[in-house]
Amino acid sequence: MHYISTRGQAPILSFSEAMMTGLARDGGLYVPETVPQMRPDEIAALASLPYEEIAFRVMWPYLGGTFTEAEFRTLLAQAYAGFGHAARAPLVQLGPNHFLLELFHGPTLAFKDFAMQLIGQMMQAALAKSGERITIVGATSGDTGSAAIEAFRGLANVDVFILFPHGRVSDVQRRQMTTPSEANVHALAMDGDFDDCQARVKDMFNDFAFRDGVRLAGVNSINWARVLAQVVYYFSSAVSLGAPHREVSFTVPTGNFGDIFAGYIARQMGLPIAQLVIATNQNDILDRAMKSGAYAMDGVKPSISPSMDIQVSSNFERVLFDAYGRDGAAVAALMAELKAGGFKISQGALEMLRATFASGRCSEEETLATIQAQFAATGEVLCPHSAVGVKVAEEHLGAVPMITLATAHPAKFPDAVERAVGLRPGLPPRMSDLFDRDERVTRVPNDLAALQTLIRERIAR
Ligand SMILES: *Cc1c(COP(=O)(O)O)cnc(C)c1O
């Protein structure tokens with residue numbers, strides 16, 4: 001299995017190289033050269049298997065000999081052992097034909113744990129084989145960073161630096177990043193918003209001297225291994241509702257387009273998905289792009305669903321690559337235009353996108369109203385991101401069962417939940433002392449050279 005860049009100018013890589021690299025050297029993202037197919041009987045055989053076994057069968061064709069079968073099974077077992085629910089990704093029913101996929105039972109209470117716990121195990125195993133040391137640098141709107149730190153804390157061959165926008169993550173998110181005491185964990189509070197953090201990380205990857213000097217590795221949602229790990233729960237939930245004999249639809253609260261892109265891959269592998277619905281908050285560039293054909297930036301408006309406060313959805317590039325007939329030069333040209341503010345999607349590409357995805361947006365008031373209404377109707381307490389999904393899903397309900405992804409635990413965003421329903425959701429017992437632990441964080445400027453100096457100094461110690 002080979003991986004190629006969406007901009008067509010970077011070396012072709014193996015799975016383990018693509019995992020270690022993250023961003024391609026031409027600024028593009030790695031995608032598989034061809035998508036492995038699962039036959040209907042192979043999909044049907046997944047029903048009733050444990051989550052880890054479904055993960056093995058879905059992911060194995062992508063790994064290209066990186067691990068032996070036994071090794072990969074061990075890594076999967078270790079990755080998901082720390083989850084607080086035996087099903088890993090349980091489905092609960094919200095209404096006659098509407099289901100909620102709870103992806104928040106991992107160690108940091110957001111769906112990011114599904115990919116991050118596994119990539120931590122896979123990177124550690126790959127580094128143990130090669131004896132190398134790497135530096136992980138990531139940007140976060142809150143949940144990726146906590147999940148990455150949780151996955152890499154204390155690992156022998158890894159330093160992990162996480163940039164988060166100062167003052168723009170929730171207290172629980174911040175504390176999950178700043179309270180681990182291991183020396184290889186570096187939480188950096190940067191002046192700016194998430195897009196600034198993501199831009200500085202991209203700058204570091206595009207500075208090849210720095211990148212090679214510190215052996216930079218990326219674990220943001222652009223990392224192909226993360227997307228792949230997220231494909232699994234589309235299969236596990238769909239087969240539990242009768243796939244492949246019965247179609248299902250999904251609605252996905254979307255920021256960087258990683259989670260919904262995993263759904264797109266599941267469909268390409270052969271999972272019969274009827275609708276794949278993009279749900280955005282008031283930062284609705286994707287919904288606007290789908291409706292108008294213009295992908296135009298207009299500044300991030302902080303919301304009560306902060307993990308979706310993004311306007312440059314990095315993984316959207318992967319679907320654009322397909323929409324433009326896998327023409328890397330065309331994608332590179334669009335991304336150059338984006339630097340100047342935006343681009344117009346060609347008619348052909350727009351038709352492909354509209355045939356592939358539906359979309360909707362949810363305002364701040366609608367988010368609160370949805371949390372309130374769901375609590376009254378079902379007793380389910382939604383986090384604000386999941387509420388964005390539920391609201392948009394309700395506009396797309398029909399004959400096919402709808403699965404909405406619940407991306408975080410309500411206790412991660414207690415202020416918004418309390419505003420909506422008047423009660424403060426509690427943390428699960430395993431992390432109830434989070435607010436008693438000491439914090440350790442470095443405030444940093446939005447300045448590439450200063451960040452590079454800090455990273456070089458820290459890893460030299
Ligand atoms: C990361 C995140 C999202 C957005 O996921 P993408 O893959 O970036 O689209 C939504 N909700 C929560 C809680 C998240 O942490």
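Please refer to the structure placed before this passage.
First, a word on what this report is: a plain description of the structure on this page.

Rules used in this analysis
Residues numbered from 1 in each chain as written. Predicted model: local features only at pLDDT ≥ 70, side-chain atom pairs only at ≥ 80, totals over all residues. Heavy atoms only, no water. 1 Å grid on protein atoms, 1.4 Å probe; cavity = no way out; pocket = protein on both sides within 12 Å on 5 of 7 lines; lining within 4 Å. Points joined across faces, edges and corners; volume = space filled by probe spheres on them. Helix = DSSP H or I, 4+ residues; strand = E, 2+ residues; numbered from the N terminus. Nonpolar A, V, L, I, M, F, W, Y, C, P; charged D, E, K, R; others polar. Pairing = 2+ DSSP bridges. Buried < 20%, exposed > 50% of the residue type's maximum accessible area, 1.4 Å probe, protein only. Axes fitted to C-alpha atoms, helices over the stretch in contact; angles between N-to-C directions. Contact = heavy atoms within 4.5 Å. Phe/Tyr/Trp six-rings, centres within 6.5 Å; stacked < 30°, edge-to-face > 60°.

## Examining the layout of surface pockets
At step 1: Taken as a whole, the largest pocket spans an internal volume of roughly 560 Å³.
At step 2: Lining the largest pocket we find 27 residues, and of these Ala199, Lys202, Val312, Leu338 and Lys339 sit closest to its centre.
At step 3: In terms of residue count, helix H8 (residues 194-206) provides more of the lining of the largest pocket than any other element does, eight residues in total.
At step 4: Here the lining of the largest pocket is composed, by residue class, of twelve nonpolar, six polar and nine charged.
At step 5: Of the volumes computed, that of the second largest pocket is approximately 390 Å³.
At step 6: Lining the second largest pocket are 24 residues, with Val169, Ser170, Ser303, Pro306 and Phe413 sitting closest to its centre.
At step 7: Residue assignment for the lining of the second largest pocket shows that the elements contributing at least two residues are helix H7 (171-178) and helix H18 (414-421).
At step 8: The element best represented in the lining of the second largest pocket is H18, accounting for four residues.
At step 9: Residue classes in the lining of the second largest pocket are distributed as twelve nonpolar, four polar and eight charged.

## Digging into the sheet that holds strand E15 (residues 442-444)
At step 1: The parallel open sheet is built from five strands, whose spatial order is E8-E5-E6-E7-E15. Of all the strands in the sheet, the pair left with one neighbour each is strand E8 (216-217) and E15.
At step 2: Both strand E7 (residues 185-190) and E15 contribute to a ladder of three bridges, which runs parallel. Bridging from a neighbouring strand, Ala189 pairs with Arg443 of E15.

## With respect to the pairing of strand E10 (residues 273-280)
At step 1: Counting buried positions along E10 gives six out of eight residues, so the element sits mostly inside the fold.
At step 2: As paired elements, E10 and strand E13 (residues 358-361) share four bridges and run parallel to each other. Along E13, the bridge assignment pairs Val277 with Ala358.

## Brief notes about the sheet that holds strand E14 (residues 402-406)
At step 1: Ordered by their spatial adjacency, six strands build an open sheet running E3-E4-E14-E9-E10-E13, and the pairing between neighbours is mixed. What marks the edges here is a single partner per strand, and that holds for strand E3 (91-95) and E13. Strand after strand, the sheet turns through a mean of 25° between neighbouring axes, direction not considered.
At step 2: Sheet topology note: the strand E4 (residues 98-102)/E14 ladder contains five bridges and is parallel. Within E14, the position partnered with Glu102 by the bridge is Ala406.
At step 3: Of the strands in this sheet, E3, E4, strand E9 (248-253), E10 and E14 touch helix H10 (residues 224-240), which is tilted by about 140° from E9.
At step 4: Contacting E9, E10 and E14, helix H11 (residues 258-269) runs over the sheet at an angle of about 170° to E10.

## Re the packing of aromatic side chains
To describe a pair of aromatic rings, you give the distance between the ring centres and the angle between the ring planes.
At step 1: According to the stated counting rule, one finds 20 aromatic pairs in the structure shown.
At step 2: Between Tyr3 and Trp224 the ring centres are 5.9 Å apart and the planes differ by 45°, which places this aromatic pair in the tilted class. Of this pair, Tyr3 sits in strand E1 (residues 3-5) while Trp224 sits in helix H10, and the two are 221 residues apart along the sequence.
At step 3: Taking relative accessible area as the criterion, Tyr3 reaches 0% and is therefore assigned buried.
At step 4: In this structure an aromatic cluster arises from ring pairing among Tyr51, Tyr80, Phe83, Phe114, Tyr233, Tyr234 and Phe250.

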